[in-house]
Amino acid sequence: MTNVDTAIAESSGSYLESPPGFDAGELRRALAGMATSVTLVTTKIDGTPYGFTANSFTSVSVSPPLVAVFLAETAESYPAFARTTHLAVNILADGQGDIAKHFATKGVDKFAAVELHHEYDHVPVVTGAAASIVGRVHERWTVGDHLMIIVHVDDVLRSGVEPLVYQNREFRKLV
């Protein structure tokens, strides 16, 4: 820890504590204003598919090829993604908002709402997605109340269609 880090830690008490009066709702509203892609993150364990809707997805590196996705610890599929070795990040296409909503619903058969590529039997890859990134888990970290999964990319499929965009709690079209 540097002298600056020590001074900050001593003055604030902890890096993980929010300052007095911090409004988490205001942070949520500010983040909702960001336009993001919408993804379905999918995996298969012992023949059973698992998946969740995520907009917390980002590129990390091109060399080596790494991306990261974040999953809330309260997610129904958390146990599966905490132990899987391979997954796909399916970047949804414009018009696939209903699929995103379906995958965000707890207690439903998520895969009843999608058609899957038959060439990929080790992970579910969604047909019609703007792109799908298939890879293996490189690292996992618990960060706050989320699991950060860093994925080493093994394959990329691109369809050339426009992506689904989410902003201010609504699906949007790029213009």
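A quick note: this is a predicted structure, and the numbers were derived from the prediction, not measured.

## Overview of the overall build of the protein
Then step 1. When its secondary structure is counted, the protein shows four helices and 10 strands.
Then step 2. If you list the helices and strands of the protein from N to C, you get α-α-β-β-β-β-β-α-β-α-β-β-β-β.
Then step 3. Buried residues in the protein amount to 37% of all 175 residues.
Then step 4. Sequence separation of at least 24 residues holds for 65% of the intrachain contacts in the protein that already meet a minimum separation of 6.
Then step 5. Of the roughly 10,400 Å² of accessible surface on the protein, a fraction of 55% belongs to carbon and sulfur atoms.
Then step 6. Separation between the mean location of the 13 positive side-chain charges and that of the 20 negative ones in the protein comes to 4 Å.

## Section: the sheet that holds strand β1 (residues 36-37)
Then step 1. Strand order in the open sheet made by the three strands is β1-β9-β10, with antiparallel pairing throughout. The strands lining the two open edges of the sheet, one partner per strand, are β1 and β10 (170-172).
Then step 2. Two elements, β1 and strand β9 (residues 165-167), share two bridges in a ladder whose sense is antiparallel. Within the sheet, the bridge partner assigned to Ser37 lies in β9 and is Val165.

## As for the pattern of salt bridges
Then step 1. Counting across every chain of the model gives six salt bridges.
Then step 2. Here Asp94 ties to Lys173 by a salt bridge, and the two come within 2.5 Å at their closest N and O atoms. In this pair, Asp94 sits in the loop between β6 (86-91) and α4 (97-103) while Lys173 sits in the segment after β10, placing the two residues 79 residues apart along the sequence.
Then step 3. Under the relative-accessibility criterion, Asp94 is labelled partly exposed at 29%.
Then step 4. Residue class for Lys173 comes out exposed when judged on its relative accessible area of 61%.
Then step 5. Between Arg172 and Glu170 there is a salt bridge; the shortest N-O distance is 3.7 Å.
Then step 6. Owing to a relative accessible area of 30%, Arg172 belongs among the partly exposed residues under this scheme.
Then step 7. Put simply, Asp23, Glu26 and Arg29 are held in one network by salt bridges that share partners.

## A closer look at the nonpolar core
Then step 1. In this structure, Val41, Phe81, Leu87 and Ile149 are the most contacted members of the largest nonpolar core, which totals 22 residues.
Then step 2. Mapped onto this core, the elements with two or more residues apiece are β2 (39-45), β3 (48-54), β5 (66-72), α3 (78-81), β6, β7 (131-143) and β8 (146-158).
Then step 3. In terms of residues, this core owes the most to one element, β8, which gives four residues.
Then step 4. Setting aside residues no more than four positions away along its own chain, Leu87 makes contact with Val41, Thr42, Thr43, Phe81, Val123, Ile133, Val134, Gly135, Val137, Ile149 and Val151.
Then step 5. Leu40, Leu92, Phe111 and Val114 belong to the second largest nonpolar core, which has 10 residues in total.

## What about the sheet that holds β7?
Then step 1. Across the sheet, which stays open at both edges, the seven strands sit in the order β3-β2-β6-β7-β8-β5-β4 with antiparallel pairing between neighbours. Of all the strands in the sheet, just β3 and β4 (57-61) have a single pairing partner and so form its edges. Each strand axis lies, on average, 35 degrees off the axis of its neighbour in the sheet, ignoring direction.
Then step 2. Here β7 runs beside β8; their pairing, made up of 12 bridges, is antiparallel. Note on β8: the bridge partner recorded for Thr142 is Leu147.

Here is what the cut-offs are and how they apply
Residues numbered from 1 in each chain as written. Predicted model: local features only at pLDDT ≥ 70, side-chain atom pairs only at ≥ 80, totals over all residues. Heavy atoms only, no water. Helix = DSSP H or I, 4+ residues; strand = E, 2+ residues; numbered from the N terminus. Buried < 20%, exposed > 50% of the residue type's maximum accessible area, 1.4 Å probe, protein only. Contact = heavy atoms within 4.5 Å. Areas by Shrake-Rupley, 256 points an atom, 1.4 Å probe, with all protein chains shown as cover. Lys, Arg positive; Asp, Glu negative; His and termini not counted. Charge placed at Lys NZ, Arg CZ, Asp CG, Glu CD. Pairing = 2+ DSSP bridges. Salt bridge = Lys/Arg side-chain N within 4 Å of Asp/Glu carboxyl O. Core = buried A, V, L, I, M, F, W, Y, C linked by side-chain atoms within 4.5 Å. Axes fitted to C-alpha atoms, helices over the stretch in contact; angles between N-to-C directions.

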